[in-house]
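Understanding the architecture of this molecule
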Amino acid sequence: MRLKGKVSIITGSASGIGKATAEKFVKEGAIVAVCDLNTEAVNAVVDELKALGGEAYGYKVDVTNKGQIAEMVADLKNRCGRIDVLVNNAGIVQDAQLIKMSEDQFDKVIDINLKGVYNCARAVVDTMVEQGGGVILNASSVVGVYGNFGQTNYAAAKFGVIGFVKTWAKELGKKGIRANAVCPGFVATPILKAMPEKVLQAMEDKVPMRRMADPAEIANVYAFLASDEASYINGAAIEVTGGLTL
Ligand code: NAD
């Protein structure tokens, strides 16, 4: 119960890493706000978390919509009185090489993967300052450290997330708020569904451990970083890759 009573918002938590993180947080005693684009999917995860014996609330929130974010934060504060942890997990891919990338593809990924992170952090930071502490965790990627073929938009956003974390760590550390990023390699989630089987196999072959991560293996890292056991980890971008980048 390392997160006992910690009120936690996890964006994009109806699927993949976000969903696994919501499950892990509830098992560690956190109160979890599940938020994602689709009400039915959100409600299904909330039901699952309640079946695990957890306390969870569901919100239909698009991280590009400041009004929806503000409503969620107000409702959660009203119910629980505080917000201890924000996990900025929501993200998409729209891959194309620079030579073929449309402005729309570029803007969409930046809006969700970068500005969405800013929107949510901006919406909770006053509360965290007032209560004298909090943790802001953010989904970056190995692509946010090394770049990747076909991912101009995604790489820019994920590098940017690490820029946020290093800046927020400096600005907010004295207020008891820690900010960190998690940089996964390949994780077996629906975000990879557009990739052909051959490409997925080639990706696995590049990993020294010869497999993708299970979403739960990333969720474990978020849970550790959210907990008081990580009390001196601030401004870090932690690679969780099975050795992919060695
Ligand atoms: P996923 O597609 O399974 O889940 C992403 C969730 O985000 C979905 O439920 C989706 O509906 C939600 N979402 C998308 N746009 C949203 C918006 N505008 N507002 C709110 N929610 C929105 O993907 P995943 O693999 O679990 O990815 C989670 C995060 O981890 C992403 O930020 C991704 O970039 C990052 N990541 C994933 C991998 C990987 O290999 N799977 C690797 C590195 C980083």
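This one's a predicted model, so the numbers in the text were calculated from it and none came from an experiment. Throughout, residues of each chain are indexed from 1 in the direction in which the sequence is written. Thresholds applied to this predicted model are a pLDDT of at least 70 for local features of residues and 80 or more for the giving and counting of side-chain atom pairs; totals over whole chains, interfaces and linings are not thresholded and use all residues. The side-chain numbers reported here are obtained from all heavy atoms of the structure, hydrogens and water having been left aside.

**Describing the sheet that holds strand β4 (residues 85-88)**
Two strands are counted as paired when DSSP detects at least two bridges linking them. Here a helix means four or more residues in a row that DSSP labels H or I, a strand means two or more in a row labelled E, and each is numbered from the N terminus. The parallel open sheet is built from seven strands, whose spatial order is β3-β2-β1-β4-β5-β6-β7. Every interior strand has two partners, whereas the edge strands, β3 (55-60) and β7 (237-240), have only one. When strand polarity is set aside, the average angle formed by the axes of neighbouring strands in this sheet is 20 degrees. Of the strand pairs in this sheet, β4 and strand β5 (residues 134-139) are connected by four bridges, and their pairing is parallel. Bridge pairing links N88 to N138 in β5. The contact definition used throughout considers only heavy atoms, calling two residues in contact when any of these lie within 4.5 Å. To get an axis, a line is fitted to the C-alpha atoms, and for a helix only the part in contact is used. The angle between two axes follows their N-to-C directions and goes from 0 to 180 degrees. Seen against the sheet, helix α1 (residues 16-27) touches β1 (7-11), β2 (31-36), β3 and β4 and runs at an angle of roughly 165 degrees to β1. Helix α2 (residues 39-51) rests against β2 and β3 of the sheet, and its axis sits at about 180 degrees to β3.

**Topic: the packing of helix α4 (residues 103-131) against helix α6 (residues 152-172)**
As a packed pair, α4 and α6 sit with axes 8 Å apart at the nearest point and diverge in direction by 20 degrees. Classed by the angle they form, the pair α4 and α6 counts as roughly parallel. Crossing of α4 over α6 shows right-handed handedness. Between α4 and α6, the residues in contact are Q105, F106, V109, I110, N113, L114, V117, Y118, A121 and V125 and T152, N153, Y154, A156, A157, K158, G160, V161, F164, W168 and L172, respectively. When residues are sorted by character, Ala, Val, Leu, Ile, Met, Phe, Trp, Tyr, Cys and Pro go into the nonpolar class, Asp, Glu, Lys and Arg into the charged class, and all the rest, Gly among them, into the polar class. Here the contact of α4 with α6 is built from residues that sort into 15 nonpolar, five polar and one charged. For this classification, under 35 degrees means roughly parallel, over 145 means roughly antiparallel, 65 to 115 means roughly perpendicular, and everything else is oblique. Left-handed describes a crossing whose near helix is turned anticlockwise from the far helix by less than a right angle; the clockwise case is right-handed.

**Comments concerning the packing of α1 against helix α8 (residues 215-226)**
As a packed pair, α1 and α8 sit with axes 8 Å apart at the nearest point and diverge in direction by 55 degrees. Taken together, α1 and α8 sit at an angle that is classed as oblique. For the crossing formed where α1 meets α8, the hand is right-handed. Counted together, G16, I17, A20, T21, K24 and F25 of α1 and P215, A216, I218, A219, N220, Y222, A223 and A226 of α8 form the full contact between these two elements. Grouping the amino acids of the contact of α1 with α8 by side-chain chemistry returns ten nonpolar, three polar and one charged.

**Overview of the pairing of β1**
Most of β1 sits out of view: five of its five residues are buried. Of the two faces of β1, both are covered, the one formed by V7, I9 and T11 as well as the one formed by S8 and I10. Where β1 meets β2, five bridges bridge the pair, whose relative direction is parallel. Considered in β2, the bridge of I10 is made with V34. Where the polypeptide runs from β1 across α1 and back to β2, its parallel neighbour, the crossover connection is right-handed. Strand direction decides the pairing type here: β1 and β4, joined by three bridges, are parallel. Note on β4: the bridge partner recorded for I10 is V87. When accessible area is computed with a 1.4 Å probe and restricted to protein chains, residues below 20% of their type maximum are described as buried, those above 50% as exposed, and intermediate ones as partly exposed. Call a crossover right-handed when, viewed with both strands pointing away from you, the route from the first strand across the helix to the second goes clockwise.

**Description of the pattern of salt bridges**
Oppositely charged side chains are able to pair whenever their charged atoms sit close together. Any Lys or Arg side-chain nitrogen located within 4 Å of an Asp or Glu carboxyl oxygen qualifies as a salt bridge. Evaluated as defined, the whole model comprises nine salt bridges. The partner of R2 in a salt bridge is E28, and the shortest N-O contact between them spans 3.4 Å. Here R2, found in the segment before β1, pairs with E28, found in the loop between α1 and β2; they are 26 residues apart in sequence, far enough to count as distant. By relative accessible area, E28 is classed as buried at 11%. D228 serves as the salt-bridge partner of K6, at 3.2 Å between the closest nitrogen and oxygen. One end of the pair, K6, is in the segment before β1; the other, D228, is in the loop between α8 and β7, with 222 residues separating them in the sequence. Take K6: its relative accessible area is 18%, and that puts it in the buried class. A residue is classified by how much of its surface remains accessible, and D228, at 55% relative accessible area, is exposed. Members of the salt-bridge network, linked through shared partners, are R2, K24, E28 and E229.

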